[in-house]
There are 2 protein chains.
Amino acid sequence: MSQVLLKERIRLRTPAPIPRELLPLGQILDGDCIEAMRSLPDACVDMVFADPPYNLQLGGDLARPDGSHVDAVTQAWDKFDSFAAYDRFTREWLTEARRVLKPDGSLWVIGSYHNIFRVGAMLQDIGFWILNDIVWRKANPMPNFKGTRFTNAHETLIWASTGEKAKYTFNYRAMKTLNDELQMRSDWVLPICGGPERLRKDGHKVHPTQKPEALLYRVMLATTEKGDVVLDPFFGTGTTGAVAKRLGREWIGCERDGTYREAARERIEMALPLDESALKTMQSKRTAPKVAFGTLIETGWIAPGTVLTDRKGRHTASVRADGSLVSGTQGGSIHGLGAALQGAPSCNGWTFWHLQHEGELKPIDAIRQLYLLATEP
Amino acid sequence: MSQVLLKERIRLRTPAPIPRELLPLGQILDGDCIEAMRSLPDACVDMVFADPPYNLQLGGDLARPDGSHVDAVTQAWDKFDSFAAYDRFTREWLTEARRVLKPDGSLWVIGSYHNIFRVGAMLQDIGFWILNDIVWRKANPMPNFKGTRFTNAHETLIWASTGEKAKYTFNYRAMKTLNDELQMRSDWVLPICGGPERLRKDGHKVHPTQKPEALLYRVMLATTEKGDVVLDPFFGTGTTGAVAKRLGREWIGCERDGTYREAARERIEMALPLDESALKTMQSKRTAPKVAFGTLIETGWIAPGTVLTDRKGRHTASVRADGSLVSGTQGGSIHGLGAALQGAPSCNGWTFWHLQHEGELKPIDAIRQLYLLATEP
DNA sequence: GCCACAAGTGAATCCCGAG
DNA sequence: GCTCGGGATTCACTTGTGG
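Cut-offs used in this document
Residues numbered from 1 in each chain as written. Chains lettered and ligands numbered in written order. Predicted model: local features only at pLDDT ≥ 70, side-chain atom pairs only at ≥ 80, totals over all residues. Heavy atoms only, no water. UniProt positions renumbered as here; feature names shortened; annotations may be inferred. Pairing = 2+ DSSP bridges. Helix = DSSP H or I, 4+ residues; strand = E, 2+ residues; numbered from the N terminus. Axes fitted to C-alpha atoms, helices over the stretch in contact; angles between N-to-C directions. Contact = heavy atoms within 4.5 Å. Buried area = accessible area lost by both parts, 1.4 Å probe. Salt bridge = Lys/Arg side-chain N within 4 Å of Asp/Glu carboxyl O. Polar contact = N/O pair within 3.5 Å; in protein donor to acceptor, adjacent residues only side chain to side chain. Nonpolar A, V, L, I, M, F, W, Y, C, P; charged D, E, K, R; others polar.

As recorded in an unreviewed UniProt entry, chain A goes by Methyltransferase and comes from Novosphingobium chloroacetimidivorans. Recorded in UniProt for chain A, the comment headed Sequence similarities (unreviewed entry) runs: "Belongs to the N(4)/N(6)-methyltransferase family." If you open the UniProt record of chain A and go to Catalytic activity (unreviewed entry), you find "a 2'-deoxyadenosine in DNA + S-adenosyl-L-methionine = an N(6)-methyl-2'-deoxyadenosine in DNA + S-adenosyl-L-homocysteine + H(+)".

**Student:** Tell me about the sheet that holds strand E9 (residues 229-232) of chain A, residues and numbers included.
**Tutor:** Sheets are built from strands paired through backbone hydrogen bonds, the pairs being either parallel or antiparallel. Residue and element names in this part refer to chain A. Across the sheet, eight strands lie side by side as E1-E10-E9-E2-E3-E5-E4-E6; this open sheet has mixed pairing. Unpaired on one side and paired on the other, strand E1 (27-30) and strand E6 (187-190) mark the two borders of the sheet. Within the sheet, the average angular offset between the axes of one strand and its neighbour, ignoring direction, is 20°. In this sheet, strand E3 (residues 101-111) lies alongside strand E2 (residues 45-50) in parallel orientation, the contact comprising five bridges. Each bridged residue has a counterpart across the sheet, and for Val-48 the counterpart in E3 is Leu-107. Contacts between helix H4 (residues 116-126) and the sheet are confined to E3, strand E4 (129-138) and strand E5 (154-161), with E3 contributing the most and set at about 165° to the helix. Across the sheet, helix H7 (residues 239-246) lies against E2, E9 and strand E10 (250-255), angled at about 170° from E10, the strand it touches most.

**Student:** Pulling in residues and values, what's your account of the interface of chain B and chain A?
**Tutor:** Often, the extent of an interface is quoted as the loss of accessible area upon association of its parts. Tallying the contact residues gives 76 residues for chain B and 74 residues for chain A. Area buried by chain B at its contact with chain A is led by Phe-117, Phe-150 and Glu-298 of chain B, which between them contribute 15% of it. Our count for the chain B to chain A interface comes out at five salt bridges. If you look at where chain B meets chain A, you find 37 residue pairs in polar contact (both at pLDDT 80 or more). Put simply, the parts of the chain that give the side of chain B that touches chain A at least two residues each are helix H4 (116-126), strand E4 (129-138), strand E5 (154-161), helix H5 (172-178), strand E6 (187-190), helix H10 (293-298), strand E14 (330-332) and helix H13 (364-375) of chain B. Per-class residue counts for the side of chain B that touches chain A are 35 nonpolar, 25 polar and 16 charged.

Okay, here's the thing in structure tokens:
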């Protein structure tokens, strides 16, 4: 590593990235997820997707420390014990998840009303910063047979960054495209996992709570980049792995049940990765190559002296050779002058300023689009 | 009282009911809700509906893309120093709510991801038993203006009994009728409170977070009987009181803000019948299922990489992972790219684009029909 | 009166890289 | 850490205005 780069890393307190070959990519770690995660280095994964047990009877993990028998009379206290035990378990795996996450990574957890409130409160306590709660609205839920409550027709996911100020990945444009050019909302309507997707053996479900691949597809497409590493501490039959493989993401799983591990391996083996061109998604302007207004002047797409107006013709300005605008005695960048004339704190000059083009009044952003199209490789 | 009844009460440890004239029915108690609730006897109300502060923790100002200013919740009542302070507050009012609830009564709380996980965990800790979590899917939520997250399009309600073995009221039949003879689900689509229902004074909303009457209507119709007493510790402008009056329930409110109390009194006095549109909304069928093209990709009905053509095979395009299409150097949504390739101002991509399906060239709309058929409840 | 169009608004944890 | 400034970013619905 060059001295310059090394110094830069030290200055930014950014640890060197973990070499990929040191990570168990594409592997299902055997055993308890907390132990398994402890075998991973700090800050090595880009996303954690967790589908923890919902119920409070978690067997070995949640046995009382002293192994004492619970008397039926003390049932109320037992509940408190169960919640406390579940909370301890939750704190432990969330803490490990936080440790292995890169600072700019994010966490997803899915749960139902039995556990999601405890998980959500705990992850806030630990320092995660909730970005959204997402409702998976099941298109075809199981009815409430006894007619005693509302049909439980949804599950809740929490998406959280590693802290209030932390950066995170959100592929806004891809989500908007996926949702017919409307912003993707926090409620997702998706069918439950059934049909050929549902893993079965001898006519029985292999896993009781197999999640639909569509759910993981949206999660990963929204909040990871191609090549990112996704960790699933409750791997089950490997939905996370299968979708990661399809979408060109790396994955690591933890699962202590051998039957699930075996089913997951087989399944992921069969999954087909998408090819490069299909994986490309609509990119936002933020990540698109930047074009300065001055470039349009230099390259002759807009001539110096051109008169720009706002959409209503209330303000006019003239383009100068250096790409600045002048309006009366005021001058400035397309953004600065637009803001000044409106008395606004800020202004996107690209959409504020218009010009006559082919008989129509068009925002100068349209000219930029033409330029981009023409110079596209 | 007969000896038999008295013995029965003793056996069931059921205290004699509180005489109604000792309760402040139809009154808004002035002051802090915890103090106000302490003035009520034990086990005297059938339902508590609570809309506590959400502890939003908002940052600076937020502007819309057009530069206008978003009117945020900046009231002092939503400010807490820390999660710990919020938790203390939550524990106190929940404890009082539990005390004043009859054993067979139930609790409703509404919140957002900022607070609902803490409230949910706390009420479980205190001994409440969650019966359902309900998602209020807003028909018209505020968008995410900066494109940084999923549009926060829902709020969460928790419905809980006083304990695991407690009885509770659930009017199954009424809910099924309200939902066009289908079981009422845990996700409710309702518009936010606006229009003539929204209380305004001098052109400004009286309360920043007034809840729609349709929401309270469904809550009360589902989980109380006529004549039941409903307590709202965070009464605000009295949506709970207005709906209770409409539905023949008794109500008690707590509110420390005089302006809110005054507005609530006036409003409940008027007891305007729910207007036609609100009623219609409440009783309408679920919204027609809308399927985005992206959903067909996520759910595997159309694979990324699939080649689409128009009916005559003049144009071809390839499907990408986010549901966008790419044709040569051009990309876009099914509608946008269709329009661009034809040089048309607009295009219905669903009927324009076709694919080979079972040996025939079919419009992609046919696949959407198959998907709808398969996921129909 | 009606239609077309413009303007306003709702519980919101709402930018980010360069220097 | 900070500031500075370029420039990216909205959906459904209601109300008001002008013709």
